[in-house]
Amino acid sequence: MAGVELGYLAPHPWIMVAGEREEGLYVRTTSAFRQAAEEIERLGLELLVVASPHWSPAPMSRIGGAHRYAGTLDRFLPHVNAGLPPEHRRDLPPVPYDFPGGPALAARLCEAGREKGLPIKLATEAEALDHGSIVPIMYLNPNGRIPVILLSIEEGPAERSRRWGEIVGLEVKRAGHRAAFIASGTLSHHFIFDHPNALWEPGRSWDKRVLARLTGGKAEDVFGYSEEEIAAGELERGGLHGLFMLLGALGPNPRATVLSYEGIVGVGSPIVQFQPGL
């Protein structure tokens, strides 16, 4: 069966690839990433579509259409450290990454989006990857075997993000690919830097309500959140738009399962697995 067969809402805590996997930290998240990677392998999926909110802001959505992506993790460190208090900045190891892109499909996605009136730009050069892309890729595609299509997550109307996800899902199916769609992002996003496993308590309550809707057969409800409801979660850039794209790509009535949930420096960081509706 071609198309988007699996989806994940997955966090991108850069500290998990910064030599900070000390005993007892982030065990739930790393275990859930491992479970997700095993499921992708078990199903024999041949493509990852990864949507990141940390691709440099632009006035339009972008698609990564390079033939190959290769580099080292430390390339995105200046971007990360720029947003941190000086006492919490740290070094990253030059851990290499190397995986193929999908230039032909990326070009078709760009064309299809434009045909539907969406502002889309195709990026054919391999830029240094941001942590929103590379963290889930390193966990879900550890040997670099699976080609990856990169998407930016842009803010705007929820319906536009859903429609873009629907276009991506349709074109993946038309091209005959079996894919997983990864919406890289968190829920509540309030930092507590001094405690690695801390979770912001107002965020915990907010996250719980969202996860209950996703797993209770009411995923569509998230499209109706007011600006006030979304603001209460103190979401990172991109808000819920990666999730909107994911739900669009999967189609109606997706089934959701929470694989893990924990706080990482205060941020509500679930890994949620989605399957298309029956």
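Before reading on, note that the structure itself is shown above.
No experiment lies behind these values; they were computed from the predicted model shown. (Residues numbered from 1 in each chain as written. Predicted model: local features only at pLDDT ≥ 70, side-chain atom pairs only at ≥ 80, totals over all residues. Heavy atoms only, no water.)

**Side note on the sheet that holds strand β6 (residues 120-123)**
To summarise the sheet geometry, strands pair through backbone hydrogen bonds and adopt either a parallel or an antiparallel arrangement. Going by this rule: When DSSP locates at least two bridges between a pair of strands, those strands are taken to pair. Only DSSP runs of H or I with at least four residues qualify as helices, and only runs of E with at least two residues qualify as strands; both kinds are numbered from the N terminus onward. The axes used here are C-alpha line fits, helices contributing only the stretch in contact, and every angle between their N-to-C directions lies in the interval 0 to 180 degrees. Whether two residues are in contact is decided by their heavy atoms, any of which lying within 4.5 Å being enough.
With mixed pairing, the 8 strands of this open sheet are ordered in space as β6-β3-β7-β2-β8-β1-β10-β9. Two strands lie at the open edges of the sheet, namely β6 and β9 (255-264), each paired on one side alone. Neighbouring strand axes in the sheet, compared pairwise and without regard to direction, differ in orientation by 20 degrees on average. As paired elements, strand β3 (residues 61-64) and β6 share 4 bridges and run parallel to each other. Along β6, the bridge assignment pairs R62 with K121. Along the sheet, helix α1 (residues 27-43) contacts β1 (3-10), β2 (47-52), β8 (178-184), β9 and β10 (267-275); its crossing angle with β9, the most-contacted strand, is approximately 150 degrees. Against the sheet, helix α6 (residues 201-215) touches β9 and β10, its axis set at about 165 degrees to β9.

**Focus on the packing of α1 against helix α4 (residues 131-140)**
The axes of two packed helices give the description: the angle between them and the distance between them. Here is the rule we go by: Three categories are distinguished: nonpolar for Ala, Val, Leu, Ile, Met, Phe, Trp, Tyr, Cys and Pro, charged for Asp, Glu, Lys and Arg, and polar for the others, with Gly belonging to the last.
One can describe the packing of α1 onto α4 by two numbers: an axis separation of 8 Å at closest approach and a directional angle of 65 degrees. Note on element contacts: α4 touches α1 through P136, Y139 and L140, opposite T30, F33, A36, A37 and I40. Here the contact of α1 with α4 is built from residues that sort into 7 nonpolar, 1 polar and no charged.

**A word on the nonpolar core**
Just so we agree on the cut-off: Throughout this description, the term nonpolar core refers to a set of buried Ala, Val, Leu, Ile, Met, Phe, Trp, Tyr and Cys residues connected via side-chain atoms within 4.5 Å. Summary of the burial criterion: residues with accessible area below 20% of their type's maximum are buried, those above 50% are exposed, and those between are partly exposed, where the area comes from a 1.4 Å probe applied to protein chains only.
Ranked by size, the top nonpolar core spans 46 residues in total, and within it I63, I149, L151, W164, F181, L214 and F274 carry the most contacts. Of all the elements, helix α8 (residues 241-250) adds the most residues to this core, at 7 residues. Discounting chain neighbours no more than four positions away, the residues touching W164 are S61, I63, L109, G113, L118, I120, L151 and M245. The next biggest cluster of nonpolar side chains, apart from the first, holds 38 residues, and it includes A123, V135, V148 and I271.

**Quick notes on α4**
Burial runs high along α4: 9 of the 10 residues are buried. What α4 keeps buried is the set H131, G132, S133, I134, V135, P136, I137, Y139 and L140.

**A look at the packing of aromatic side chains**
This is how it is decided: Each Phe, Tyr or Trp ring, with Trp reduced to its six-membered ring, pairs with another whose centre is within 6.5 Å; inter-plane angles below 30 degrees give stacked pairs, above 60 give edge-to-face pairs, and intermediate values give tilted ones. Charge-over-ring contacts are defined here by two conditions on Lys NZ or Arg CZ: a distance within 6 Å of the ring centre and an angle within 35 degrees of the ring normal.
A full pass over the atoms with the stated rule returns 5 aromatic pairs. A centroid spacing of 6.2 Å and a plane angle of 35 degrees characterise the contact between Y97 and F99, whose relative ring orientation is tilted. The exposure classification of Y97 matches that of F99, with both residues buried. One aromatic cluster is present, formed by Y69, Y97 and F99 through successive ring pairs. Looking at R162, its charged tip hangs above the ring of F223, at a distance of 3.9 Å from the centre.

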